[in-house]
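Residues per chain, in single letters:
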Amino acid sequence: MINYKKAKKILIKSKIKIQDEIIKSSKALNRINVSDIYSTVNYPAATNAAFDGFAINSNETNKLNKKNSQNFKILKTISAGDNPIINKIKKNVTVEVMTGALIPRGFDTIIPIEKIIFNRDKKYIQINKKIKKNQHIRFAGSDYKKKDLIIKKGSIIQSAHVLAFKTLGVTKIKVKKKPNILFFSTGNEISNNKKIVNWKVRNSNSHYINSLSKNFMFNFIDGGILRDKDTKLFKKQIEKSIKSKIDIIITSGAVSAGKYDFVPYVVKKLNLSNFFKGVLIRPGKPILFAKLKGFEKAIFGLPGNPISSSACFRFFVYPYLLNILGVKAEKPFKAKLKNDYSKNKEIIRFLKARLTSTKDGKLELEVLKGQESFKIKSFVQSNVWGLFKDGQSKFKKGELIDCFSAIGPNKNFF
Ligand SMILES: Nc1nc2c(c(=O)[nH]1)N[C@H]1C(S)=C(S)[C@@H](COP(=O)(O)OP(=O)(O)OC[C@H]3O[C@@H](n4cnc5c(N)ncnc54)[C@H](O)[C@@H]3O)O[C@H]1N2
Ligand code: MOO
């Protein structure tokens, strides 16, 4: 059996090609852009008001004080979207501006409406102190300048990027196509019915992985449930998918040592490269992976226990997807262990854990009770995975542990 490090090395070597496509930037959430994108415009496009108020020329206030005030004539009101051009500006005049309005030439600062003293007929404002230049003004290009980088190639596009794209007039972008994943559940006991007899099990794994595809970067194609005697059907389905647009086949279950665990039996008969079966991890030990020789296709056999399937998706399929889509490998973030923990020294354990923040701003990690790979409740209560490394069996309270986000594996927070 190989260790996780070796398995990851094999996965990195087993890259399959994913094509590019051009899509609307507004539809790009969670997609991966394939080149650096730079702004072709300044933002803000022109200098404008950050506050509702009155624009003046600050020089005209230099000598003003309580005893020496000056009236400024209100010329007009300019709103966001109005043409700001005013011809021939005389001395001691002002324009009323709304937030977002362009500042007409000749004015260089804004007094917020709350601080304005109007004279009785409201045709003038009275100023009785020196007003600083450049107050409450947003300068052209003070956020993005032409040629500023908006997003680096190989980033997972987030809503904030969509905001930037739409602000800067980036309407279309080139992204990686979503890999097509054909997913098979296995087992005579697995059922999609609500009502089941005690010897049946409701299918949850395929729905879990399908739900991940909704906020993530792959298409989920349900291959249905393969029964214990469906070896030939499975082989046929793989052969069919070789000729199709399927990029990755994933099975859940039927991968360990039992009589009906047919996945390795069928897969091993194919023309493979980069094969491994069994990794020194828990949960998920029986995992299988291979590339189909001569084709840009890969196959993962995930163990059937729900938490084994989800851990293997998180720690094998997800890094594999990142790699084939050209995203940099994730780095874990660290948190202090809240409780002592011990495990078998030889294996890595992916543990359902809860991350909290202390009052003094430290991240703490609690290993939850109920780590068995059939237990869903602790998974629901968890908010991160703790990775407890191999080569060590005892982990003491206060030790730093590698954490990986669990919240739909699309968030590279750190
Ligand atoms: N003699 C051995 N027995 C087992 C070994 C071993 O090395 N030697 N490994 C154990 C480990 S570790 C795991 S994990 C499981 C994985 O087994 P399989 O991948 O072959 O999975 P199944 O036996 O088909 O199912 C396991 C378990 O999960 C339930 N299941 C399966 N599919 C689904 C689904 N789509 N939705 C919900 N639940 C599912 C299934 O009913 C079983 O209870 O093997 C150990 N045994
Ligand atoms: O290692 Mo299995 O994956 O016990 O659940």
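Residues numbered from 1 in each chain as written. Chains lettered and ligands numbered in written order. Predicted model: local features only at pLDDT ≥ 70, side-chain atom pairs only at ≥ 80, totals over all residues.

This part is about the site of ligand 2. Around ligand 2, a shell composed of Arg282, Pro283, Gly284, Lys285, Pro303, Asn305, Ser308 and Ser373 is seen. Within the shell around ligand 2, the residues separate by chemical class into two nonpolar, four polar and two charged. (Near = placed C-beta within 6 Å. Nonpolar A, V, L, I, M, F, W, Y, C, P; charged D, E, K, R; others polar.)

For the rest of this paragraph, the subject is the domain arrangement of the chain. Each assigned domain of the chain is listed with its residue range as follows: domain 1 (4-19 + 177-324), domain 2 (48-138) and domain 3 (333-410). If you average the C-alpha positions of domain 1 and of domain 3, the two centres end up 25 Å apart. Between domain 1 and domain 3, the contact holds 16 residues from the first and 16 residues from the second. Counting only elements with at least two residues in the side of domain 1 that touches domain 3, the list comes to strand 19 (281-282) and helix 6 (306-324). Examining the composition of the side of domain 1 that touches domain 3, we find that seven residues originate from one element, helix 6, more than from any other. Within the side of domain 1 that touches domain 3, the residues separate by chemical class into eleven nonpolar, three polar and two charged. (Domains from an automatic or database assignment. Contact = placed C-beta atoms within 7 Å. Helix = DSSP H or I, 4+ residues; strand = E, 2+ residues; numbered from the N terminus.)

This part takes up unusual backbone geometry. That bond from Tyr43 to Pro44 is cis: its omega, -5°, falls within 30 degrees of zero. Topologically, Pro44 is positioned in the loop between strand 2 (37-38) and strand 3 (48-49). Residue Pro283 follows Arg282 across a cis peptide bond; omega there is -5°. Inspection of the secondary structure puts Pro283 in the loop between strand 19 and strand 20 (288-292). For Lys147, which is not a glycine, the phi torsion comes out positive at approximately 80°. Mapped onto the elements, Lys147 comes out in the loop between strand 10 (137-138) and strand 11 (149-151). For Asn274, which is not glycine, the phi torsion reads 55° and is therefore positive. Among the structural elements, Asn274 can be located in strand 18 (residues 272-277).

In this structure, Ile250, Phe300, Cys312, Phe316, Val317, Leu321 and Cys403 are the most contacted members of the largest nonpolar core, which totals 76 residues. A per-element tally of this core places helix 6 first, with eleven residues. Looking at this core, you find at least three residues from each of domain 1 (4-19 + 177-324) and domain 3 (333-410). With sequence-adjacent residues up to four places away left out, Val317 is seen in contact with Ile250, Phe300 and Cys312. If you look at the next biggest cluster of nonpolar residues, it comprises 17 residues, including Ile56, Ala101, Leu102 and Ile111. (Core = buried A, V, L, I, M, F, W, Y, C linked by C-beta atoms within 7 Å. Buried ≥ 20, exposed ≤ 12 C-beta atoms within 10 Å, placed from the backbone.)

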